Amino acid sequence: MYVMYSMLHIENVSTSCQSHQQGKIKELPLLGAEVLQVHAPPFVTKESASSETHGHAPAFSRVQRRRSFIKKKKERAGIANGETAKGSDGGGGTTTEDISVPKDLDLIALPQLCFPGGLQIASEQREDSYHYLVFTDVFGNRTHAVVVQYYRPIQDVGHQNGHLSSSKSSRLYTAYGICVISKYPYYNALRDCLSCLLTQLKPSWMGDFEERVKEFSAKLALVPIPPPGQLHVVFNLRPLQIGLPSREDKDRPAIDLDLHLPFLCFRPRQLLQIITSLLIEQRVVLLSCDWARLTLLAESLMLFIHPLVWQHPFVPILSRQMLDFLMAPTAYLMGCHLHHYEEVAAETDDLILVNIDDGTVSSSWSDGIDLPDVPLAAAECFIKRVEGLQVHYDLEVCHLGDSTEVNARRAQRKQWQSKLNTHIQNITLELIVNIFREVHDHLNYEHRVFNSEEFLRSREPADQPFYKKVLDTHIFHSFLRDRLTRKMDAFTRMELSTRTEAYRLRSMTESPRRPTMQELARKYTSPESRLSKRLGASLPNLGESGGSLAGPLRQTSFKNIQVDSGRFRWTSPQRPVRFFKLPEFPPPLAYHYVQNYYQEMITLLGKAISGAASGDSSLLARYHYLRGFVNTVAGKRLDALEDFQNLYKTDTDIFPGELVNALVDSLQEGEQALADRRPEIKHLISRVKRDHERERARHVDEGVKRFQLPKKHMQLEDFVRHVQESGIVKDQGTIHRLFEALTVGKEKQVDPEIFRVFYTFWKETEAEAQEVALPASALEHLEANECVFKLSSSVKTSHGVGKIAMTQRRLFLLTEGRPGYMEVTKFRDIEEVKISSAPFLLLRIPSLKIKTTLRKETFEVNLKSEVDLWHLMVKEMWAGRKMADDHKDPQYMQQALTNALLMDAVVGCLQSQKAIFAATKLAHFDRMKLEVPLMVPKSTSETLKHKINPSLGLTSPQAVDVLLYTPGQLGVSSDSEGDGNPKLWCALSDGKVVVFDAASWSMQQNQVQVGTSRVNCMLGVDRQQVWIGSQDSVIYIISTRSMSCNKQLTDHRSEVTGLPKVAYSCSAEGAVIVWDVSTLQVRKQFRVSCDRLQSVQLCNGTLWCCKYTFPCISRMVHHPKDIQEQLWTACIDVGELCVWHLREPTKPFQRIQLPDCAGVTCLIKVKNQIWVGGRGWSSGKSRGKIYVVDAQRHTVEKELVAHTDCVQALCSAEDRYVLSGAAREDGKIAIWKVE
């Protein structure tokens, strides 16, 4: 915090006053101001305490920490009470003083910004005025300032006998400017602080002026900044109580201004024009007669486009000497006084001029304004939201009485403003989400590619001019970088929360993008219907059914969607705000008083920690953050590290890594030795150092690439990359088959021209599907989520002339003449497909015959030259449908559809005799059906309900390491995050956790990252947390509501191998820890002597420990049977189960042989059954197998085969379903019915 004040030269005052009195000038001229003082921390140091005498130590220390600004104070007489300025030696000579100033702060230009309109002497007292400044360094870091100008009388207006004299009848006034500079944008709080300072300065003598400003500066330097979250800091600065609001999260700045001011100045459509100007990076100039409005409006606009960040010059206030800045050739946002409007508009072209006072937006080059319109759907939604805003405080409190206490009135007003700010943030964030919602559909995360052409092609024609300009901006490029790193910010949270169930279900398939029947129907309906298409759940259609992958959907939670006059709006949950009140500032700011003040603050924070609810870990984390920070500035480094260790456990999101790393580096030798004796602090230090080194070694941001067609011949590896970047398909197996198809009979490399033709054909086919016009009769027969993927030319069929259309479910005929619909067949009903020939005059035309189980007659269509391609496509779709039905896995059908469309593109691309033969390389499922008929056993078919693919969107299948089912929460409060549906948690490789909504089996969260190591175990705790044990020795804690991981337990020293039940954990070196769930502290800890502790199981008060014995890794499950307890165990390389009596643990009393089993990897108890997962043999091949064992009769009831790789994970869903996950070669999750 830096405080400085400015005034004018007294010699200039005297000269001007005499000229004004003598009538030489009618108006008092503008004079130059200069910086008189700069006060910057640290104000007291330990060294200053050593020089204390019997009196108080000096309260301030001007220690040179940055650079110095040398200011010469000339002798001036009678500034106040006729006093004469003297040097330090008591004489009247000139003195030179070093003043510590912030780095990169230009003190020469500062007076111009403190007095942007110039400094003018006044003939009467004027009101105090405030305005706000923003400074930006070369790296884009911003510093904020609040300036107050207040007037004091000038007592010297003439000379008598060489001495200055005063006259009350001709008293004049001059302005003093006081500027408070902070790293944080606390505009309202700093303005209130300056108001408190003025109550002390106005009645004081000039001799006390400097000391009062110093004391004020030192007090502000003692105030800690609150951490992100819901803990605010308040302090008394008489006569007001000042509050510092915290940031909502680490990615947002603190908001301490009135966000509704722009809505008082502009109509919604004008605001949209201003936001558009920023998004397309125009040169924008704000103009107003009030300097304060310029910065407040500019800062509000920056918050409105969050999380997009303005990348260009940001100078909300330009003084009259700085107007040449407007000639800069780059984009910028600047502000100046309104009386410069004509000058600015005439001298500079291509400006967007925003008149705040009149509420108008214009351009400097024409009478109108040539800006592209914000996309219609997003704009209409924004306007409707703004219409519902209540921005007048008096209307809100007109039914309330007035408080007689000023701080109570202020608190009431701040509470209203805070709620309004939150509502406005939701509205503007929703606008940004609605504009860029579908960007992620066109990103390739593996290669960091954004397919801009495809994204533009998918936009409405009227919206394309807007997107064409936005896509080329720096601001959008930065936004893309955050999306490609999967940043979980406010944009991502809202986008995920407002997805419709239909969208989530559609995203569960990898089929190429085509318009569904529902979307085609919207083409011919009202604009209101098209609106809901773009906004997802922002304006949800509650009557819409998306078609479930697994039967009817349960009712999802709509607690975050509020009904408002027939419309819906998304609202973020309101969290209760807590306040921490600082102690009263010490009167004399000597070193020992400051240390006592810090100690008092530490004591208060300790009491707050003790008194906080044990379950409120979020609040505890913020108290630890504050206490750690205060301990740091108080020089108690080890205590600070202990606080930061507790913070690391409870909320890693707000962990100040850079501060803690600097704190560790500053440890003295003795402190380092003490830290080494405290295991938790030692572990924190090593972790911080490791994280710091990893951050330094991390590769520099690769940026974002735009998709470009290849220019060189491609070997297989390059071909795979280019196809994945194009967005056509991601699966490596499919791309390898496409490579074989495009290189049939050639050298194994793809010509760039062939790739260009193939890509063009694919996109043209996609565009043609967008233009398909189906008659109403066809729309009635098709399901809402069906898409037309292929349409033949006009052909003759056994049911008339028309076009054959193919969707993902069926073939149908669009008859010509009188448009009509006739279903040919669903793919699952096909019995036979073959090529034949039909007579036509003297010729025989190639035809396709399709025999179905539902019709006696065979459908025949004369496809002529297209017959071979259609024959391949229909057979592939038929085979894919059969496999999907047999294996209860819709992914087979989607993959078959992709194969069929790739066949079409290959034939269209090659245009040669080998084209059909090349297309056969893509007939994957048809070939599988012919070569290796995969018969699903009857028991498997009857028990298997459904399959889902957690690796969807990845380039290759990932192993399912751990599965966890968490039940739903009925009656979830409306202020909660997340929803009340049950969830399935799936741990993949490298710390990735995918979350499914278990009510619909749609993917709710495509990735939660918990470290970078393999996940070994997961456990649901209190229905509010999921604990995840990792190979990196950390237990990560995820909130089931916010779906974020911000807590960690780091007490284990090797990989966490087991979480058997709530409050227990074990690790490989033999450590077993019992936890206090509410405080996350260790209640008890002991060590088991073994080579590797694999898992533990609590049975009847006894802890059974399962160790690793080469080459076996044991698994066990506890099963109560009547009175006598049982323990079931298995080994990873033995196909048997062992059943133990807990009272006789010397040897198992029963061994159960599992048929054709090579080893057991997991087992769980479900009702009166033991489900066992492992690997075995089926039809002579190694497969993943599940055995269902009767726990009473000790017999194998079922042998289930549904995975092509080893079953690695099992979990139960309320004893109604069992879910199994397989290793990498399969990578699927199967859902089984429990009988």
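Residues numbered from 1 in each chain as written. Predicted model: local features only at pLDDT ≥ 70, side-chain atom pairs only at ≥ 80, totals over all residues. Heavy atoms only, no water.

Secondary structure summary: the protein chain contains 34 helices and 58 strands in total. Each of the 1235 residues in the protein chain was classed as buried or not, and the buried ones make up 55%. Counting only contacts in the protein chain whose residues sit at least 6 apart along the sequence, the fraction spanning at least 24 positions is 60%. As presented, the protein chain carries roughly 54800 Å² of accessible surface, and 49% of it is formed by carbon and sulfur atoms. (Helix = DSSP H or I, 4+ residues; strand = E, 2+ residues; numbered from the N terminus. Buried < 20%, exposed > 50% of the residue type's maximum accessible area, 1.4 Å probe, protein only. Contact = heavy atoms within 4.5 Å. Areas by Shrake-Rupley, 256 points an atom, 1.4 Å probe, with all protein chains shown as cover.)

One pass over the structure, following the stated rule, counts 25 aromatic pairs. With a centroid separation of 6.4 Å and 45° between ring planes, the pair formed by Tyr184 and Tyr186 is classed as tilted. Where Phe436 meets Phe476, the ring centres are 5.6 Å apart and the plane angle is 35°; that geometry is what we call tilted. Remark: Phe476 occurs in helix H15 (residues 474-484) and Phe436 occurs in helix H12 (residues 406-436); sequence separation between them is 40 residues. Given a relative accessible area of 1%, Phe436 falls into the buried group. Using a relative accessible area of 0% as the deciding quantity, one classes Phe476 as buried. Linked through ring pairs, Phe436, Phe450, Phe455, Phe466, Tyr467, Phe476, Phe479 and Phe491 together constitute an aromatic cluster. Sitting over the ring of Phe314, Arg142 keeps its end group 4.3 Å from the ring centre. Positioned above the aromatic ring of Tyr445, the side-chain terminus of Arg486 is 3.9 Å from the ring centre. (Phe/Tyr/Trp six-rings, centres within 6.5 Å; stacked < 30°, edge-to-face > 60°. Lys NZ or Arg CZ within 6 Å of the ring centre and 35° of its normal.)

Moving on to the pairing of strand S57 (residues 1217-1222). Along S57, five of the six residues are buried, which leaves the element largely enclosed by surrounding structure. Summarising the sheet, strand S56 (residues 1207-1213) and S57 pair through six bridges and their orientation is antiparallel. Along S57, the bridge assignment pairs Cys1211 with Leu1219. What sits between the antiparallel neighbours S56 and S57 is a turn of three residues, in which Glu1214 has the positive phi angle 55°. In the sheet, S57 pairs with strand S58 (residues 1229-1233) via five bridges, with the strands oriented antiparallel. Its bridge partner lying in S58, Gly1221 is registered against Ile1229. In textbook terms, the turn of a hairpin is the stretch between consecutive antiparallel strands, and for S57 and S58 this stretch comprises six residues, one of which, Gly1227, has a positive phi near 70°. (Pairing = 2+ DSSP bridges.)

Next up on the list: unusual backbone geometry. Of the consecutive residues Arg238 and Pro239, the connecting peptide bond is found in the cis state with omega at 15°. In this structure, Pro239 sits in the loop between strand S12 (231-237) and strand S13 (240-244). The omega torsion across His306 and Pro307 is 10°, close enough to zero to call that bond cis. Inspection of the secondary structure puts Pro307 in the loop between helix H8 (291-304) and strand S15 (314-315). A positive phi is found at Lys1167, a non-glycine position, where the angle reads about 55°. Considering the arrangement of structural elements, one finds Lys1167 in the loop between strand S52 (1157-1166) and strand S53 (1169-1178). A residue is classified by how much of its surface remains accessible, and Lys1167, at 43% relative accessible area, is partly exposed.

Packing of helix H28 (residues 752-770) against helix H31 (residues 890-910) leaves a shortest axis separation of 9 Å and a crossing angle of 125°. Of the possible angle classes, the one that applies to H28 and H31 is oblique. Regarding H28 and H31, the two cross each other, and that crossing is right-handed. Seen from H28, the contacting residues are Ile754, Val757, Phe758, Phe761, Trp762 and Thr765; seen from H31, they are Leu901, Leu902, Asp904, Ala905, Val906, Gly908 and Cys909. (Axes fitted to C-alpha atoms, helices over the stretch in contact; angles between N-to-C directions. Parallel < 35°, antiparallel > 145°, perpendicular 65-115°, else oblique. Left-handed = near helix turned anticlockwise from the far one by under 90°.)

What follows concerns the nonpolar core. Membership of the largest hydrophobic core comes to 163 residues, with the highest contact counts inside it found for Leu286 and Phe436. The contacts of Leu286, once residues within four sequence positions are left out, are Leu294, Leu297, Ala298, Leu301, Leu333, Met334, Gly335, Cys336, Val354 and Ile356. Among the nonpolar cores identified, the runner-up in size contains 67 residues, and Val744, Ile804, Leu869 and Leu910 belong to it. (Core = buried A, V, L, I, M, F, W, Y, C linked by side-chain atoms within 4.5 Å.)

Bringing the pattern of salt bridges into the picture now. Enumeration according to the criterion identifies 54 salt bridges in this entry. Ionic pairing is found between Glu454 and Lys763, a salt bridge with its closest N-O pair at 2.9 Å. In this pair, Glu454 is assigned in helix H13 (residues 452-457) and Lys763 in helix H28, connecting sequence segments 309 residues apart. For Glu680, the salt bridge goes to Lys649, with nearest N and O atoms at 3.2 Å. Highlighted residues: Glu680 in helix H25 (residues 679-697) and Lys649 in helix H22 (residues 637-650), separated in sequence by 31 residues. Given the relative accessible area of 30%, Glu680 is considered partly exposed. Here Lys649 falls in the buried class, since its relative accessible area comes to 1%. Because the salt bridges share partners, they merge into one network encompassing Glu248, Asp249, Arg252 and Arg493. (Salt bridge = Lys/Arg side-chain N within 4 Å of Asp/Glu carboxyl O.)

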